[in-house]
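Okay, here's what each chain looks like letter by letter:
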Amino acid sequence: MESGGKGREEEQDGISVHSPCKAPPSSASSLPKEHPQIELELKLLQALEIYPLVKLQGIHRHFVLFGLMEFLRRSFDRQFSSDEVLQLLDRFYNLEMLKPDDEEMEILNHEEDFCLPQTFFVKEES
Amino acid sequence: MAVPALFRTGQSATRAHEEVGEPPIWLLLLLSPTDDAATDGDMSSGDSPPSNTSLYSEGEKVLAYHGPRIYEAKVQKVELRKKEFRYFLHYLGWNKNWDEWVSVDRLMKCTDENRLKQRALEKGYVEKSSKSGRSAQAKPKNLNDARVEKEDHKNNVVAAPKGKKRKNDSGTKDNQSVEKVIKIQIPSTLRKQLVDDWEFVTQQDKLVKLPRSPTVDDILTKYLEYRSKRDGTITDSLGEVLKGIRCYFDKALPVLLLYNKERDQYHKLVVDDVSPSTVYGAEHLLRLFVKLPELLAYVNIEDETQIRLHQKLLDFLKFLQKNQSTFFVSAYEGCKGTEGKGKSKND
């Protein structure tokens with residue numbers, strides 16, 4: 001993969017949400033300098049294999065973001081704010097263009113009455 | 001009847017296959033260990049097992065019962081203890097944290113007949129689970145990064161029905177669930193709260209008086225305040241989790257969290273852009289926690305992160321429990337406008 005820089009249109013095949021070439025804000029980046037940008041980006045892309053981008057737009061987005069934050073936290077041994085992570089993502093992708101996953105509509109498509117599982121009605125030992 | 005987890009916690013693992021449910025008689029007959037001493041030549045000595053010779057040898061591949069199923073395993077060590085042979089097994093394709101000492105009655109030779117038994121158990125249990133064996137949830141997971149992704153074990157793993165909760169055991173090994181579903185253990189007083197809730201609405205035709213105070217929104221905010229006082233700081237990660245809960249609540253309330261009798265009330269009150277988290281309170285929030293494992297099952301989350309998430313959710317539940325008397329109503333309102341003052345349980 002090409003390292004960070006401008007002019008990325010060719011890099012990300014098949015990803016329609018790829019944002020047009022954007023110059024990263026120079027000193028406006030709030031990302032700490034102790035890790036080279038490239039490392040952060042690489043880790044982020046690794047993380048995206050587990051936490052797919054597409055889920056960042058649906059109802060699960062906070063938990064997906066949480067997953068990304070935790071992944072980075074473990075990789076670099078420091079806290080990442082949600083803003084930082086979104087900023088990192090923003091360098092690659094235009095998140096507003098994401099359409100929610102179809103799968104996520106499944107669980108919410110079928111209205112059903114709440115049902116308290118049987119186990120609640122049984123006295124548990126200890 | 002739900003399918004038991006692969007590793008039944010809190011029970012003796014030996015002969016566990018007999019304790020689980022009611023396999024048909026023919027299956028029981030098929031499953032009774034046969035003496036295959038004469039067939040395969042892997043034995044260290046002799047055909048019949050005299051008392052001082054082990055039936056299985058180190059390095060031998062065997063079939064072993066574990067819980068209700070049979071797995072391929074390798075004998076790592078053999079020891080004679082109190083006149084009985086004990087075998088330290090490693091289950092092939094599984095993390096070595098599952099390795100264990102077993103006695104001879106758990107083992108079988110790797111013969112075709114025994115493999116048939118293995119299949120039979122597979123089939124029997126795959127049918128009982130709510131999804132077929134190849135559910136996307138059936139990926140076995142373990143805590144040590146080495147993801148077990150062998151095809152045959154995907155099929156062997158019992159996928160727990162989504163949303164099924166089990167008691168969490170304190171032993172580390174028992175927490176290595178092969179289920180993908182996060183188990184959320186709801187404290188007992190809150191479980192009772194849910195039963196009361198069910199009773200009020202479904203049996204007594206009563207409703208929670210809306211809008212509530214505190215609302216779901218209020219409660220989540222209070223929790224964040226409570227945590228920041230306690231920890232001196234709030235992490236963004238907790239913030240995201242709470243936002244996630246609110247988001248789920250708003251979307252899931254009308255779809256998953258209402259009893260039928262509450263729908264009219266919902267349609268009257270939650271109109272236009274009103275979000276449920278500003279109308280409903282702890283009673284319905286608690287119901288979300290019953291559904292949370294199901295919802296989270298749609299998100300692939302790493303093991304370590306799942307554990308942290310679970311901790312956060314548990315801590316939140318404890319907060320609810322701590323504030324149970326102020327967050328939850330003690331009495332619901334009768335449909336005909338009669339207020340139920342004080343305890344309205346039928347005594």
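Refer to the structure presented above.
Here goes a summary of the coordinates provided.

Parameters at a glance
- Residues numbered from 1 in each chain as written.
- Chains lettered and ligands numbered in written order.
- Predicted model: local features only at pLDDT ≥ 70, side-chain atom pairs only at ≥ 80, totals over all residues.
- Heavy atoms only, no water.
- Helix = DSSP H or I, 4+ residues; strand = E, 2+ residues; numbered from the N terminus.
- Buried < 20%, exposed > 50% of the residue type's maximum accessible area, 1.4 Å probe, protein only.
- Contact = heavy atoms within 4.5 Å.
- Buried area = accessible area lost by both parts, 1.4 Å probe.
- Salt bridge = Lys/Arg side-chain N within 4 Å of Asp/Glu carboxyl O.
- Polar contact = N/O pair within 3.5 Å; in protein donor to acceptor, adjacent residues only side chain to side chain.
- Phe/Tyr/Trp six-rings, centres within 6.5 Å; stacked < 30°, edge-to-face > 60°.
- Lys NZ or Arg CZ within 6 Å of the ring centre and 35° of its normal.

**Let's talk about the overall build of chain A**
Move 1: Along the backbone of chain A there are four helices and zero strands.
Move 2: Order of helices (α) and strands (β) in chain A, N terminus to C terminus: α-α-α-α.
Move 3: With 126 residues in all, chain A has 40% of them scored as buried.
Move 4: In chain A, of all internal contacts separated by at least 6 residues, the share reaching a separation of at least 24 is 66%.

**A word on the interface of chain A and chain B**
Move 1: On the chain B side, the residues contacting the 39 residues of chain A number 43 residues.
Move 2: Between chain A and chain B the total buried area reaches about 4,000 Å² when both faces are included, carbon and sulfur atoms providing 63% of it.
Move 3: The largest per-residue losses of area from chain A upon contact with chain B belong to Phe63(A), Phe114(A) and Phe120(A), which jointly make up 22% of the total buried on that side.
Move 4: Inspection of the region where chain A meets chain B yields six salt bridges.
Move 5: For Glu304(B), the salt bridge is made with Arg74(A), and the minimal N-O distance between the two is 3.6 Å.
Move 6: Run the count over chain A and chain B and you get 15 residue pairs in polar contact (both at pLDDT 80 or more).
Move 7: Only helix 2 (61–76), helix 3 (82–92) and helix 4 (103–109) of chain A provide two or more residues apiece to the side of chain A that touches chain B.

**As for the packing of aromatic side chains**
Move 1: Overall, the coordinates contain 19 aromatic pairs over all chains when judged by the stated rule.
Move 2: The interplanar angle of 85 degrees and the centroid separation of 5.0 Å between the aromatic rings of Tyr223(B) and Phe316(B) together place this pair among those described as edge-to-face. Here Tyr223(B), found in helix 6 (residues 216–231), pairs with Phe316(B), found in helix 10 (residues 303–322); they are 93 residues apart in sequence, far enough to count as distant.
Move 3: Tyr223(B) gets classed as buried once you look at its relative accessible area, which sits at 0%.
Move 4: When the ring of Tyr223(B) is compared with that of Phe319(B), the centres are 5.1 Å apart and the planes differ by 55 degrees; the resulting orientation is tilted. Of the two residues, Tyr223(B) is situated in helix 6 and Phe319(B) in helix 10; the sequence distance between them amounts to 96 residues. Here Tyr223(B) matches Phe319(B) in class, with each residue buried.
Move 5: The residue whose ring lies beneath Arg78(A) is Phe80(A), and the NZ or CZ to ring-centre distance is 3.8 Å.
Move 6: The aromatic ring of Trp101(B) is capped on one face by Arg81(B), whose charged end is 4.6 Å from the ring centroid.

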